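In case you want the letters, here they are:
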Amino acid sequence: MEKAEVLKRLTDCGLVAVVRAKNAEEAIKISDACLEGGCTGIELTFTVPGAHKVIEALAEKYNKGEMMLGAGTVLDSETARIAILSGANYIVSPGFNLETAKLCGRYQVPYMPGCMTITEVITAMEAGADICKIFPADLFGPTIIKDIKGPLPQAKLMPTGGVDVSNVDKWIKAGAVAVGAGSSLTAGAKTGDYAAITATAKEFIAKIKEARGA
């Protein structure tokens, strides 16, 4: 899928599910439940055992483009290349890595590095980052989006960490192009309640649409 289309579909949805799990089976169930709830953006983290195999399985299962499948917790270009060859549509990192940015640019795959300061955002943007992940977002609150977009109105920002159903509207209204949600979205997996994940995803999507409409 073309880079522009991946970015459009991710931002149109506005929600990226950060999937961490103890094994491949749980990761796939979480991903399925999120998609059923309308969350088309899935970030499968490389903390999941055999993450590249899970990406391969999901890429094959949703080979018609139903899911925007990304790889998360990517620390280096070597991991990024494995993820891309396994079928990842985009790469997410907890911090900025220049070699990863270069590799993603080479393959024309969206790169979303974690940034905490405006200097990091500028550095990432100069290296070709498509969206900067404000992480950990709960250290700042939604005002950080406005603060960064003041001098950098062109910055595309996605807060991750501490985003939940109760505050997602504030992040969107502040100017975030999308949000990343982990445990606040996928907590049901701990008790095997995947229906709860689907229900929470629907809540997130509804809140995002409402905030954008406002």
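This one's a predicted model, so the numbers in the text were calculated from it and none came from an experiment.

S.K.: Just to check I follow, could you spell out the overall build of the chain for this structure?
M.R.: Summing up its helical and strand segments, the chain has ten helices and eight strands in all. Whereas a compact globule of 214 residues would reach a radius of gyration of roughly 17 Å, the chain reaches 16 Å, a difference of no more than 12%. Taking the principal axes of its C-alpha atoms as reference, the chain extends roughly 45 × 40 × 30 Å. Out of the 214 residues belonging to the chain, those deemed buried represent 52%. Within the chain, counting contacts between residues at least 6 apart in sequence, those at least 24 apart form 58% of the total. Only carbon and sulfur atoms are counted for the fraction: they give 54% of the accessible area of the chain, which is about 9400 Å². Across the chain, the centroid of the 23 positively charged side chains sits 3 Å from that of the 24 negatively charged ones.

S.K.: Before we go on, may I ask you to explain unusual backbone geometry in this structure?
M.R.: For residues other than glycine, phi is negative in most cases, and the peptide bonds are mostly trans. With an omega dihedral of -5 degrees, the bond running from Phe135 to Pro136 counts as a cis peptide bond. Relative to the helices and strands, Pro136 resides in the loop between β6 (132-134) and α7 (143-149). With a phi close to 55 degrees, Thr73 is a non-glycine residue in the positive phi region. With respect to the helices and strands, the residue Thr73 is situated in the loop between β3 (68-72) and α4 (77-86). If you check the backbone angles, Gln108 has positive phi at about 55 degrees while not being a glycine. On the secondary structure map, Gln108 appears in the loop between α5 (98-107) and β5 (111-115). In this structure Gln108 comes out as partly exposed when scored by relative accessible area, which is 47%.

S.K.: Where do I start with the sheet that holds strand β2 (residues 41-45) in this structure?
M.R.: By definition, the strands of a sheet pair up through backbone hydrogen bonds, in either a parallel or an antiparallel sense. An order of β7-β6-β5-β4-β3-β2-β1-β8 is seen for the eight strands of this open sheet, with the pairing classed as parallel. In this open sheet, the two strands that pair with only one neighbour each are β7 (157-159) and β8 (179-181). Across the sheet, the mean angle separating the axes of adjacent strands is 25 degrees when strand polarity is ignored. Relative to β8, strand β1 (residues 15-19) runs parallel, the two sharing three bridges. Looking at β8, one finds that Leu15 is bridged to Val179.

Calculation criteria
- Residues numbered from 1 in each chain as written.
- Predicted model: local features only at pLDDT ≥ 70, side-chain atom pairs only at ≥ 80, totals over all residues.
- Heavy atoms only, no water.
- Helix = DSSP H or I, 4+ residues; strand = E, 2+ residues; numbered from the N terminus.
- Rg over C-alpha atoms; globule rule 2.2 N^0.38 Å.
- Buried < 20%, exposed > 50% of the residue type's maximum accessible area, 1.4 Å probe, protein only.
- Contact = heavy atoms within 4.5 Å.
- Areas by Shrake-Rupley, 256 points an atom, 1.4 Å probe, with all protein chains shown as cover.
- Lys, Arg positive; Asp, Glu negative; His and termini not counted.
- Charge placed at Lys NZ, Arg CZ, Asp CG, Glu CD.
- Pairing = 2+ DSSP bridges.
- Axes fitted to C-alpha atoms, helices over the stretch in contact; angles between N-to-C directions.

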